[in-house]
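# Understanding the architecture of this molecule
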Amino acid sequence: MTKRDLQHPLQQRLSDGFTTKNIYINKTSGSSGDPFIFAKDKFCHALTWAGFINKYNWFDLNFNTSKQARFYGIPLNKKDYYKERFKDVLSKRFRFSVFDLSDAQLEKNLKKFKSTRFDYINGYTSAAVQFAKYLERKNIVLKTICPSLKACIVTSEMLFKEDETLLENQLGIPIINEYGAAELGLIAFQNKKKEWLINNEDLFIEILDKKNNPLPYGEEGRVVITSLYNKAHPFIRYDLGDIGTLSKMSTPQKPILEKLIGRTNDIVVLPSGKKAAGLTFYYVTKTIIEDDGNVKEFIIEQLKLDTFKISYVSHKFLTEKNLNAIKGAISKYLEPNLTVLFERKQILERSKSGKLKQFKSYL
């Protein structure tokens, strides 16, 4: 089962007894290039968050009361913007911009850390790394100016070893690698021994070969996951599009993720000198995610400093209204006066792992 199999109107995918009124509904980020709307029954949704709460406790972080420095995106339309800000207040979070990673903005971030007793950092890997690079240039260790910090949780993108070392050196706190998916919840979480433990409490994770056969520990293959408790919208042997390896030290009771390939995002560099996280395009592409499943896949390429190309696969051409909405979103989230090209294709070129990389820069 892949995201493509689920790109049909939500009502056609719900189990008997479930309607849009008694379930939790959300969208995937589209970071893999295959956006779709999904659902969870309320017990499954609660179980997902219980898993996060449990893992955070490993690092003496209270999910409800610990102050979070949040490096995530945020919708810019008024309704959703203020909704997220209100949730941030209730959840004891302060949200830093990932749309602007310029030195001027990072200096403002640093001042906020000086004046706020944050307990932990949580956010996109690329944004945290850009902040750490800024701290390195300034010869600053964040823990020395914000002593209350206990840990940094990075998610949504790959964490490379050199970036992990940089984060540890410049933040001065433990770096926790988190692997999850909106439609499934927490997939793996790093413990204090640096073991990337698979969540086998409410998920069943397999590493499969090209013929869908399970591979032995230590061999690289496709990450396929079954959600054990989602009755409203079952995910059975669901292929995320990622390639991974389970450690030879794994056991059925304690599966350990050794390596994950995918989920990398480049940094967007703009004519003004502004930089933004690659996942900024999640908020742009939300404008073309429709429940009728018209847009099946898309990729965004930066051809020049001021020129972007969006290639997409769909049942029908995007309308002028759709195109203007996307251009408007890019202008709002990045900056004005960018050239945006569109091309409808029958098929998009995929990586060796079989996964689409949503954003690619040729600069």
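Note that the structure is predicted; figures quoted are calculated from it, not measured. (Residues numbered from 1 in each chain as written. Predicted model: local features only at pLDDT ≥ 70, side-chain atom pairs only at ≥ 80, totals over all residues. Heavy atoms only, no water.)

A few words on the overall build of the protein. What the protein contains, in helices and strands, is 8 helices and 19 strands. For 363 residues, the compact-globule estimate of 2.2 N^0.38 gives 21 Å, and the protein sits close to it at 20 Å. Principal-axis analysis of the C-alpha atoms gives the protein an extent of 55 × 55 × 40 Å. For the protein, buried positions account for 54% of its 363 residues. For the protein, contacts bridging at least 24 residues in sequence account for 65% of all contacts bridging at least 6. Surface accessibility of the protein: about 17300 Å² in total, with carbon and sulfur atoms responsible for 53%. Averaging the positions of the 58 positive and the 41 negative side-chain charges in the protein gives two centres separated by 4 Å. (Helix = DSSP H or I, 4+ residues; strand = E, 2+ residues; numbered from the N terminus. Rg over C-alpha atoms; globule rule 2.2 N^0.38 Å. Buried < 20%, exposed > 50% of the residue type's maximum accessible area, 1.4 Å probe, protein only. Contact = heavy atoms within 4.5 Å. Areas by Shrake-Rupley, 256 points an atom, 1.4 Å probe, with all protein chains shown as cover. Lys, Arg positive; Asp, Glu negative; His and termini not counted. Charge placed at Lys NZ, Arg CZ, Asp CG, Glu CD.)

General note: in soluble globular proteins, nonpolar side chains tend to be found buried as a group. Counting residues in each nonpolar core, the largest one holds 56 residues, and the members touching the most others are Phe-113, Ile-121, Leu-142, Leu-167 and Leu-171. It is helix H4 (residues 125-137) that contributes the most residues to this core, 7 residues altogether. Apart from the residues lying within four places of it in its own chain, the contact partners of Ile-121 are Ala-69, Phe-71, Phe-113, Leu-142, Leu-149, Ala-151, Cys-152, Ile-153, Leu-171 and Ile-173. By size, the runner-up hydrophobic cluster in this structure holds 22 residues, among which are Phe-36, Ile-187, Ile-198 and Ile-207. (Core = buried A, V, L, I, M, F, W, Y, C linked by side-chain atoms within 4.5 Å.)

As far as function goes, none of this settles anything; it's purely spatial.
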